[in-house]
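A look at the structure
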Amino acid sequence: MFLAGTKIGLFGGSFDPPHLGHVHFSLQAIKYFNLDKVIWLISPGNPLKSIAPAPVETRQRQAQKIICNPKIIISSVETEIGAKYSWETLDYLSMKHPRTKFVWLMGSDNLAQFHLWKNWKWIIENFPIGVLARPQSRQTGLNSKAAKIYKGVKLPANEGRLLPYYPAPRWCFSNMPLMNVSSSELRKKRTL
């Protein structure tokens, strides 16, 4: 599927609903972290959320409608392999594509709660992580438990393009032009 050495950003989430902020995030990640492609891992559910998302097929169709760049790919791998947690998907992909340079992508809002994820230390110990600022969560992400524990392996933002070449653990936080849009807000508007 990927040529050896291809640099792939893995962007997981509920995408409920997918929106132009996700596209913007993906294009900024390609730029800041020197990636060849970004794969959206649209999860069947989120163990940290009490309300189930819309059906995964619906979210994939919605995502397809807003993506207009061939460097962004939608994947149903999490549904196909029955993954409940991100680490399971990462383990599967790294075994299936051992010569691909995978970078886990997240917003600063997810970095703030990363320590609550199942096997979060395994993720950071096995994959470089690219973090991009999100509205209202820049500082909470940088002050998070994960950021403090792994402070010593943080790359400066101006070296973000080197992130795919570093062995884990390694992470980089970069600011980006922000879009103040979120799936949570879109869901609220849908119910009004």
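This text goes with the structure placed above it.
The structure contained in this document is the topic of the report that follows. Nothing here was measured: the structure is a model prediction, and the numbers come from that model.

Here is what the cut-offs are and how they apply
Residues numbered from 1 in each chain as written. Predicted model: local features only at pLDDT ≥ 70, side-chain atom pairs only at ≥ 80, totals over all residues. Heavy atoms only, no water. Phe/Tyr/Trp six-rings, centres within 6.5 Å; stacked < 30°, edge-to-face > 60°. Buried < 20%, exposed > 50% of the residue type's maximum accessible area, 1.4 Å probe, protein only. Lys NZ or Arg CZ within 6 Å of the ring centre and 35° of its normal. Core = buried A, V, L, I, M, F, W, Y, C linked by side-chain atoms within 4.5 Å. Helix = DSSP H or I, 4+ residues; strand = E, 2+ residues; numbered from the N terminus. Contact = heavy atoms within 4.5 Å. Salt bridge = Lys/Arg side-chain N within 4 Å of Asp/Glu carboxyl O. Pairing = 2+ DSSP bridges. Axes fitted to C-alpha atoms, helices over the stretch in contact; angles between N-to-C directions.

According to the stated counting rule, one finds 10 aromatic pairs in the structure shown. On the numbers, 5.7 Å between centres and 65 degrees between planes, the contact of Phe-114 with Trp-120 is edge-to-face. For the pair shown, Phe-114 and Trp-120 are each scored as buried. Ring-pair connections join several aromatic residues into one group, and the members of that group are Trp-104, Phe-114, Trp-117, Trp-120 and Tyr-150. The ring of Tyr-32 carries the charged tip of Lys-31 above its face, separated from the ring centre by 5.3 Å. Against the face of Tyr-85 rests Lys-118, its NZ or CZ located 5.8 Å from the ring centre.

A word on the nonpolar core. Within soluble globular proteins, side chains that are nonpolar tend to cluster in buried spots. Counting 27 residues, the largest nonpolar core has Leu-10, Trp-104, Met-106, Phe-114, Ile-129 and Trp-171 as the members making the most contacts within it. Looking at this core, the elements with two or more residues in it are strand 1 (7-13), strand 2 (37-42), helix 4 (86-96), strand 4 (101-107), helix 6 (120-126), strand 5 (129-132), helix 8 (145-149) and strand 7 (171-174). Beyond its immediate stretch of four places on either side in the chain, Phe-114 contacts Met-106, Trp-120, Ile-123, Ile-124, Ile-129 and Ala-146.

Our focus in this paragraph is the pattern of salt bridges. Applying the stated criterion across every chain, the model contains 2 salt bridges. Of the charged contacts in the structure, one is a salt bridge between Asp-36 and Lys-7, with a shortest N-O distance of 3.6 Å. With a gap of 29 residues between them, Asp-36 in the loop between helix 1 (20-32) and strand 2 and Lys-7 in strand 1 connect regions that are remote in the sequence. Asp-36 sits in the partly exposed class, given a relative accessible area of 31%. The buried category is assigned to Lys-7, whose relative accessible area is 9%. In this structure, the salt-bridge partner of Asp-109 is Arg-134, at a minimum N-O distance of 3.7 Å. In this pair, Asp-109 is assigned in helix 5 (residues 108-113) and Arg-134 in the loop between strand 5 and helix 7 (138-142), connecting sequence segments 25 residues apart.

To continue, consider the sheet that holds strand 1. In spatial order, the strands read 3-2-1-4-5-7-6; together these 7 strands make up an open sheet with parallel pairing. The open sheet has two edge strands, strand 3 (72-75) and strand 6 (154-155), and neither has a second partner. Note that strand 1 and strand 2 share 6 bridges and pair parallel. Following the sheet pairing, Leu-10 is matched in strand 2 by Ile-39. Across the sheet, helix 2 (residues 56-66) is in contact with strand 2 and strand 3; its angle to strand 2 comes to roughly 150 degrees.

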